[in-house]
Amino acid sequence: MDTISFLDAETAFRIRDEIGTPCYVYDESSLRSVADEVLAFPNAYGLTARFAMKSCPNGNILRLFRSMGLKIDASSIYEAERAVRAGYLPEDISLSTQEFPDDAALRALVDRGMSVNACSLNQLQRFGKLFPGARVGLRFNPGLGSGGTNRTNVGGPASSFGIWHEDVDRVKAIVAAHGLDVFRIHTHIGSGSDPDVWVKAVTLSLNLTREFESATALNLGGGYKVGRMRNEQTTDLQDIGARMKAEFERFAAETGREIHLEVEPGTYLVANGCAILSTVQDLTSTGESGYDFIKLDTGMTENTRPSMYGSQHPMVVFPSTDLTREPRDYIVTGHCCESGDILTPAEGDPEALAPRSLVETEVGDLFAIGGAGAYCASMSAKNYNSFPECAEVLIRQDGSLSLMRRRQSLEQFLVNETEISF
Ligand SMILES: *Cc1c(COP(=O)(O)O)cnc(C)c1O
């Protein structure tokens, strides 16, 4: 049976009583210890560790990480503005975005020190026209990809992220035309947990760095795989970091250039620092040759990952009665009227069902879904079926609870709706 290290029955029922379900439950101690690990990433000539905030952008998480010394990777201008509101200086923020902001919004933060990685030739052109002679980073697609699934693969010919590595000459022409100062090379291919893939990614990225003599920093993005389930592997940062360091040293010996390392994990920092706490609100069955279903008061409104990727999350039942419970196989479903709202798909195949062995469950039991810190609160189908955005709570290091976000009211999600008369 699965466990969630920071959540026991007593805490789960306390959260239900004080805050209600569904609720994201974050654990301060877990978040702090992973942040310490990332800040200790091996490096040869200096390290900047950024938090890829799209994975979990609540301002309290940003403030916690800021207090520990993490900087920010923002994936849109709105995220950058959110980080500033959480107390980050613009100079602590690096923007790598698919959608280039409008001129005024970009200028407001670049003039105050935010750095930008141009992620396409068009972005580089626009940046050059707006900020001739300025410092700029270049995000490349080095031609290699290694995401966990097709949908999380962010490098290689099937990925639109970054400037294609064969376009170096076109990049140089744009850089020269606007007198830009290329200070950083950036790649993010979702390399996973395999050290050999990381070394390959570093080698390709250093080859791109070689092409731009002015570059003093190389950002290798995020993509450090975290095991949410017991059978899944977690990246050993010390191991891959040591191998990367050796590549940076080799590069320095060869070129005389001591390159500063940047890393920017999202998943690794937050994935296992949060669980979704929910209540079992119904049980149904499709008979002998069918399935037993557990219906929760959460689902794709809080976690779309199972429906999108067939990803697996640990699940723990906290019984509300002390009757003896036998193990039993269940399909766990969300509360949305959408057949894809399944929390127990087959691994990597959201179309297929994979019954999960749990203790026999009753209506009113609490049900926790672990591994919910990354791309859950930030990437949910919120307000589908008009369910309100749920609360977020932090378990402090002393065991007390601090509310991170209140449950949304109906008024709040109707606030921008107009009323046309008919
Ligand atoms: C999403 C993203 C990250 C973080 O990826 P994880 O897989 O969550 O570690 C880092 N850098 C960039 C540019 C990204 O788009």
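The shown structure was predicted, so the numbers you read here are calculated from the model rather than taken from an experiment. (Residues numbered from 1 in each chain as written. Predicted model: local features only at pLDDT ≥ 70, side-chain atom pairs only at ≥ 80, totals over all residues. Heavy atoms only, no water.)

(A) Broad picture of unusual backbone geometry. Cis geometry marks the peptide bond from Thr21 to Pro22, where omega comes out at -5 degrees. Its location among the elements puts Pro22 in the loop between α1 (9–18) and β1 (23–27). At Tyr375, a residue that is not glycine, the phi angle is positive and equals roughly 55 degrees. Structurally, the position occupied by Tyr375 is in the loop between β18 (366–369) and β19 (391–395). Judged by relative accessible area, Tyr375 falls into the buried class, the value being 18%. Phi is positive for Ser386, which is not a glycine, with a value near 60 degrees. Since its relative accessible area comes to 46%, Ser386 is described here as partly exposed. (Helix = DSSP H or I, 4+ residues; strand = E, 2+ residues; numbered from the N terminus. Buried < 20%, exposed > 50% of the residue type's maximum accessible area, 1.4 Å probe, protein only.)

(B) Quick peek at the pattern of salt bridges. For the coordinates displayed, the defined rule picks out 24 salt bridges. Salt-bridge contacts for Arg356 lead to Asp2; the nearest nitrogen and oxygen are separated by 3.2 Å. Separated by 354 residues along the polypeptide, Arg356 in strand β17 (residues 356–359) and Asp2 in the segment before α1 bring together distant segments of the chain. Using a relative accessible area of 10% as the deciding quantity, one classes Arg356 as buried. (Salt bridge = Lys/Arg side-chain N within 4 Å of Asp/Glu carboxyl O.)

(C) Geometry of empty space enclosed by the protein. Under the definition given, this model contains 1 cavity of 30 Å³ or more. Empty space within the largest cavity amounts to approximately 40 Å³. Among the residues forming the lining of the largest cavity, the class breakdown is 3 nonpolar, 2 polar and 4 charged. (1 Å grid on protein atoms, 1.4 Å probe; cavity = no way out; pocket = protein on both sides within 12 Å on 5 of 7 lines; lining within 4 Å. Points joined across faces, edges and corners; volume = space filled by probe spheres on them. Nonpolar A, V, L, I, M, F, W, Y, C, P; charged D, E, K, R; others polar.)

(D) Quick look at the packing of aromatic side chains. Scanning all chains against the criterion turns up 8 aromatic pairs. Seen in terms of ring centroids, Trp198 and Tyr224 are 4.4 Å apart; in terms of plane orientation they differ by 10 degrees. Their pairing is stacked. Of the two residues, Trp198 sits in helix α8 (residues 195–211) while Tyr224 sits in the loop between β9 (217–219) and α9 (237–255), which places them 26 residues apart along the sequence. Judged by its relative accessible area of 1%, Trp198 is buried. Accessibility expressed as a relative area gives 2% for Tyr224, which makes it buried. Members of the aromatic cluster, connected to one another through ring pairs, are Phe41, Trp198, Tyr224 and Tyr268. Positioned above the aromatic ring of Phe183, the side-chain terminus of Arg135 is 3.9 Å from the ring centre. Positioned above the aromatic ring of Phe212 is the side chain of Lys172, whose terminal nitrogen or guanidinium carbon lies 5.7 Å from the ring centre. (Phe/Tyr/Trp six-rings, centres within 6.5 Å; stacked < 30°, edge-to-face > 60°. Lys NZ or Arg CZ within 6 Å of the ring centre and 35° of its normal.)

(E) Fine view of the site of the ligand. Taken together, 13 residues surround the ligand, and among them Lys54, Gly223, Glu264, Thr267 and Tyr375 come closest. Measuring from an oxygen atom of the ligand, one finds a backbone N or O atom of Gly223 at 2.8 Å. For the ligand, whose free accessible area comes to 390 Å², the fraction covered by protein is 89%. (Near = heavy atom within 4 Å. Polar contact = N/O pair within 3.5 Å; in protein donor to acceptor, adjacent residues only side chain to side chain. Areas by Shrake-Rupley, 256 points an atom, 1.4 Å probe, with all protein chains shown as cover.)

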